[in-house]
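For reference, the chains in residue letters:
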Amino acid sequence: MSYPIEVALRYLGSKKRAFISVGTTFAILGVALGVAALATVMSVTGGFQAEFRDKVLGVNAHVLVIKYSTDFREYRSVMDQVAQVPGVIGVAPFSINPMMLTHGDATATGVLVKGVDPARSLGVGTDGGVPVLDLPRHILPGGDLSGLRRPGAKPPERAAPPSLPDVPSIEADAGARGALEPPDAGAELDLLKAYEARIQEDERAAAAREARNVDAEPAPSAVDLEGAADAGADEGEEAEVAVAEGAPRGAIEPEGGYGSVLPEDDELPADVDPDPCADKEQIAKMPGIVIGAALAKNLSLDLGQCVTVTSPTIGFSFSNGAIKPPVAKRFRVIAIFEAGFEQYDTKLAYADLYETQAFYDHGDTVTGVEMKVDDIDNASAIAREISKLLSNGLYYTMDWEELNHGLFTALRIQQIGMSAVLALIIVVAAFTVIATLIMVVLDKKKEIAVLKAMGATDGAILRIFLYQGGIIGVAGTTLGLLLGVAVCKGLLVYGFPLDPKVYFISRLPVQARPQEFLITGGIAILICLAATIVPSLYAARLRPAEGFRAQ
C-alpha cells in the first residue's frame with residue numbers, strides 16, 4: 001500500500017481533531033441518503049413503466065397494421081405476408097368499435113368491443129399455437145373461452161346496395177318532340193302531362209268524398225238550429241269540422257267516468273313481449289362475450305348472464321345507401337378478465353369477430369391485423385420492417401409503444417425529472433465532502449509542509465485527498481445502495497396502496513434492477529471524486545514555507 005492511501009486513511013480516522021471524524025461521518029451519511037433516495041425513486045418509476053407495459057401488453061398485441069379505410073377485406077393476404085417476417089410468432093385479425101352495454105337498468109356507454117379470432121388471438125382449440133393476446137392468463141376462475149364462437153359461425157355477407165329504378169327508354173325522335181316516352185309505348189302523354197292528369201284526378205276524388213260526407217249528414221232540427229244560434233251568440237262563430245263517416249256522435253264518456261288510474265309500470269306481459277334474457281335455454285344459445293371485472297361490477301353481471309350490446313348510433317344511420325336503425329344483439333357472459341388496469345377493466349370487452357362484424361353492413365372486413373413478436377424490445381424494428389413490406393400507402397404500422405405513446409412518454413419524463421431532482425441530494429452531499437476536505441487541508445498544513453520538505457511531490461499530495469474523497473464516496477454509495485435495496489424490499493413485502501381510479505393500479509410498483517443501482521452508484525462516486533478536485537489542488541499547490549509560516 002502506497003503512503004498516499006495510508007495518509008488518507010489516517011486523516012479519515014484522525015482522533016487529534018474530533019470534528020474531522022464527525023465531518024467525515026456526516027459526509028458519508030449525506031452521500032448514502034442521496035444514493036438511497038435516487039435508487040428507490042428509479043426503482044419505483046421503473047416499476048410504473050414495467051407495470052403499465054405488462055397491463056398494456058396483457059390485452060393488446062405487440063404490432064398493429066391498420067388500413068387507411070374502413071373496407072379492409074384483403075386482411076387474409078396481409079396476414080400471410082406479415083407472418084413471414086422474422087420475429088413474428090403470431091398473427092390475427094381484429095375489429096374494434098365503441099358500443100353500449102345494457103343489463104337490467106344499468107347501462108355502460110363508450111365500451112370498446114373488440115372482435116377477435118378465438119383460435120388465433122386467444123389460442124382456443126389450438127394445440128401448441130402461440131396466441132397473439134395474453135388475455136387467457138387474466139381470466140378469473142370459472143371463465144371458459146371455448147364458448148366465444150358458436151358452432152358453424154361464418155362471416156356475415158356484405159349487404160347489397162339498393163337497386164335503382166329502371167331508366168325509361170328514349171327513342172330517336174325524343175329530342176324533336178322534347179318528351180321522354182314512358183315505359184308503355186301506347187301512352188301519348190309526356191311526363192309533365194302525366195303529373196297534371198294525376199293532380200286533377202286526386203282533386204276530383206277529394207271532391208267526391210266531400211260530397212258523400214255532406215249527403216250522409218242528417219238535416220238539423222229546429223232545436224239544433226236554435227242551440228247553434230245561441231252558442232254562436234255566446235261564444236262566437238267556430239270553424240265547421242267535417243266528421244268522418246262512421247265516427248261516434250254525442251257523448252262518449254266511459255261508464256266508469258274519467259276517474260280510472262293507469263298502472264305505474266307500463267310493462268307488457270311476457271307472452272306479448274318475451275324477454276330472451278329470462279330464458280336459460282335461449283341464453284345458452286347466445287354468442288359469448290368476455291368483459292372486464294370492473295365493468296361486470298358496474299352492470300351487476302355474472303357468468304352465464306345475458307347482456308345487450310347496442311351500436312352507438314343516435315337514431316337512424318345511412319349505410320351503403322340504406323337507412324338503418326341501431327343494431328342490438330344479446331350476448332352471454334362466458335368469462336371475466338381482470339387486467340389490473342382500471343381503464344381496460346371498465347371500458348373493454350371481447351367477442352367473436354364474426355359477431356362484431358354483423359353490427360355493420362361491411363361484410364367480412366376488419367379494423368386491422370395484430371401480431372405478437374418474440375422480443376417486445378424489437379417490436380419497433382419489426383414494425384418498421386413490416387411497414388417497408390407493405391409500403392403501398394394503404395396501411396399504417398405501429399408498435400405497442402407508439403400505440404400508447406402519451407402514457408409511456410409521460411412515464412419516461414417523470415422518471416428523468418424525478419431522478420434529476422433527487423440527484424441534487426448527492427450534489428448537496430458532495431458539498432459536504434468539499435467542506436470536510438477543506439477543513440482537513442487547513443488543519444494539516446504543517447503535515448503537508450513536512451511531507452513536501454521530505455520530498456513528496458505535488459501529485460502524491462493530490463492523490464492523498466483524492467483517495468480520501470473517493471473513500472468517502474465509495475463508503476457512502478455502498479451504504480446508500482444497501483439502504484435502497486432494503487427500502488425496495490420493504491415496499492414489495494408490505495405494499496403501498498394506491499387509488500386505482502387515479503393511478504390505474506392498486507399498489508405501488510417497485511422494480512429493483514441491478515443496472516439502475518450500478519448507474520446510481522457510479523454517478524455518486526463520480527460526483528464525490530469531482531468534489532475533491534478543488535481541495536486536492538489547493539493542498540498540492542501549498543508551499544512548505546506557507547505551511548511552516550502558520551506555525
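Throughout what follows, the structure given in this document is the object of discussion. Since the structure is predicted, the reported quantities are computational estimates derived from the model, not experimental observations. (Residues numbered from 1 in each chain as written. Predicted model: local features only at pLDDT ≥ 70, side-chain atom pairs only at ≥ 80, totals over all residues. Heavy atoms only, no water.)

### As for the state of the cysteines
Here a disulfide denotes a covalent bond joining the sulfur atom of one cysteine to the sulfur atom of another.
So, point 1. The tally for this structure, following the rule as stated, stands at one disulfide.
So, point 2. Here Cys-277 connects covalently by a disulfide to Cys-306, the sulfurs 2.0 Å from one another. Placement of the pair is Cys-277 in the loop between α7 (222–235) and α8 (280–284) and Cys-306 in strand β5 (residues 306–310), with a sequence separation of 29 residues.
So, point 3. Residue Cys-277 is classed as partly exposed on the basis of its relative accessible area, which comes to 25%. (Disulfide = S-S within 2.5 Å. Helix = DSSP H or I, 4+ residues; strand = E, 2+ residues; numbered from the N terminus. Buried < 20%, exposed > 50% of the residue type's maximum accessible area, 1.4 Å probe, protein only.)

### A word on the packing of helix α16 (residues 458–494) against helix α19 (residues 533–540)
So, point 1. Where α16 meets α19, the axes come as close as 8 Å, and the angle between the chain directions of the two elements is 145°. Like other packed secondary-structure pairs, α16 and α19 cross with a definite hand, here right-handed. Of the residues in α19, those in contact with Asp-458, Ile-461, Leu-462, Phe-465 and Leu-466 of α16 are Ser-536, Leu-537, Ala-539 and Ala-540.
So, point 2. In the contact of α16 with α19, the residues fall into seven nonpolar, one polar and one charged. (Axes fitted to C-alpha atoms, helices over the stretch in contact; angles between N-to-C directions. Left-handed = near helix turned anticlockwise from the far one by under 90°. Contact = heavy atoms within 4.5 Å. Nonpolar A, V, L, I, M, F, W, Y, C, P; charged D, E, K, R; others polar.)

### Quick look at the nonpolar core
So, point 1. Judged by nonpolar contacts, the single largest core of 75 residues is most densely connected at Val-290, Phe-337, Tyr-350 and Ile-386.
So, point 2. The leading source of residues in this core is helix α2 (residues 18–59), at 13 residues.
So, point 3. Those residues within four positions of Val-290 in sequence are excluded, and the remaining contacts are Ile-139, Leu-145, Leu-148, Ile-334, Ala-335, Ile-336, Phe-337, Ala-349 and Tyr-350.
So, point 4. One finds Met-99, Ile-291, Val-333 and Ala-349 within the second-largest nonpolar core, a separate group that totals 20 residues. (Core = buried A, V, L, I, M, F, W, Y, C linked by side-chain atoms within 4.5 Å.)

### Things to note about a nonpolar patch on the surface
So, point 1. Together, Val-22, Phe-26, Leu-29 and Leu-479 line one region of the surface with nonpolar side chains, adding up to about 360 Å² of accessible area.
So, point 2. Ranked by the residues each element gives to the nonpolar patch, the list is headed by α2, at three residues.
So, point 3. Here Phe-26 shows up in helix α2.
So, point 4. By relative accessible area, which is 55% here, Phe-26 ends up exposed. (Patch = residues over 30% accessible without salt bridge, like charges linked within 9 Å, V, L, I, M, F, W, Y side chains within 5 Å. Areas by Shrake-Rupley, 256 points an atom, 1.4 Å probe, with all protein chains shown as cover. Salt bridge = Lys/Arg side-chain N within 4 Å of Asp/Glu carboxyl O.)

### Regarding helix α15 (residues 445–453)
So, point 1. Inspection of α15 places Ile-448, Ala-449 and Lys-452 among the buried residues, and these make up the whole buried set. Seen from one end, α15 has its buried residues packed into an arc of 100°, which puts them on one side.
So, point 2. Backbone geometry just downstream of α15 places Gly-455 in the positive-phi region, at approximately 115°. (Arc of directions from axis to C-beta.)

### A short note on the packing of aromatic side chains
So, point 1. Here the structure, examined in full by the defined rule, presents four aromatic pairs.
So, point 2. Here the basic side chain of Lys-114 rests over the ring of Phe-94, its NZ or CZ set 5.1 Å away from the ring centre.
So, point 3. Taking NZ or CZ as reference, Arg-149 lies 3.9 Å from the ring centre of Tyr-354, over its face. (Phe/Tyr/Trp six-rings, centres within 6.5 Å; stacked < 30°, edge-to-face > 60°. Lys NZ or Arg CZ within 6 Å of the ring centre and 35° of its normal.)

### Notes on the environment of Val-366
So, point 1. With respect to the helices and strands, Val-366 occurs in the loop between α11 (353–357) and β10 (368–373).
So, point 2. Apart from the residues lying within four places of it in its own chain, the contact partners of Val-366 are Thr-70, Phe-72, Tyr-75, Pro-93, Phe-94, Leu-353 and Gln-357.

### What to know about the environment of Leu-299
So, point 1. Mapped onto the secondary structure, Leu-299 falls in the loop between α9 (293–298) and β5.
So, point 2. Overall, the relative accessible area of 1% leaves Leu-299 in the buried class.
So, point 3. The sequence separation of Leu-299 and His-103 amounts to 196 residues, and the corresponding C-alpha distance is 6.0 Å.
So, point 4. If we skip the residues at most four places from it in the chain, Leu-299 touches Leu-101, His-103, Ala-106, Thr-107 and Ala-108.

### Description of the side chain of Ser-419
So, point 1. Secondary-structure assignment places Ser-419 in helix α14 (residues 405–443).
So, point 2. For Ser-419, a relative accessible area of 13% translates into the label buried.
So, point 3. Aside from chain neighbours lying at most four places away, what touches Ser-419 is Leu-38 and Met-42.

### As for the pairing of β5
The side chains of a regular strand alternate between both faces of the sheet.
So, point 1. The buried fraction of β5 amounts to five of the five residues, a majority that puts the element mostly inside the structure.
So, point 2. Side-chain alternation along β5 places Cys-306, Thr-308 and Thr-310 on one buried face and Val-307 and Val-309 on a second face that is also buried.
So, point 3. For strand β2 (residues 88–103) and β5, the ladder comprises three bridges, and the chain directions are antiparallel. Bridged to Leu-101 within β5 is Val-309.
So, point 4. As judged from the five bridges shared by β5 and strand β8 (residues 328–337), these two strands associate in the antiparallel manner. (Pairing = 2+ DSSP bridges.)

### Some remarks on the pattern of salt bridges
So, point 1. Throughout the structure, instances matching the rule amount to 10 salt bridges.
So, point 2. Salt-bridge contacts for Arg-150 lead to Glu-355; the nearest nitrogen and oxygen are separated by 3.0 Å. Taken together, the residues Arg-150 in the loop between α4 (118–122) and α5 (174–177) and Glu-355 in helix α11 connect sequence positions 205 residues apart.
So, point 3. Taking the relative accessible area as the measure of exposure, Arg-150 reaches 35% and is therefore partly exposed.
So, point 4. According to the relative accessible area criterion, Glu-355 is buried, its value standing at 5%.
So, point 5. With its nearest N and O atoms 2.5 Å apart, the salt bridge here joins Glu-355 to Lys-329. Taken together, the positions of Glu-355 in helix α11 and Lys-329 in strand β8 put the pair 26 residues apart, joining distant regions of the chain.

### So, the pairing of strand β4 (residues 288–292)
So, point 1. Most of β4 sits out of view: five of its five residues are buried.
So, point 2. Here β4 shows no split at all, with Gly-288, Val-290 and Gly-292 on one side and Ile-289 and Ile-291 on the other all buried.
So, point 3. Bridge count for β4 against β8 is five bridges, and the pairing is parallel. Looking across to β8, one finds that Ile-291 is bridged to Ile-336.

### A few points about the environment of Ala-383
So, point 1. Considering the arrangement of structural elements, one finds Ala-383 in helix α12 (residues 379–389).
So, point 2. In this structure Ala-383 comes out as buried when scored by relative accessible area, which is 6%.
So, point 3. The spacing of Ala-383 and Met-371 is 12 residues in sequence and 9.7 Å in space, taken between C-alpha atoms.
So, point 4. Aside from chain neighbours lying at most four places away, what touches Ala-383 is Val-63, Thr-397, Met-398 and Asp-399.

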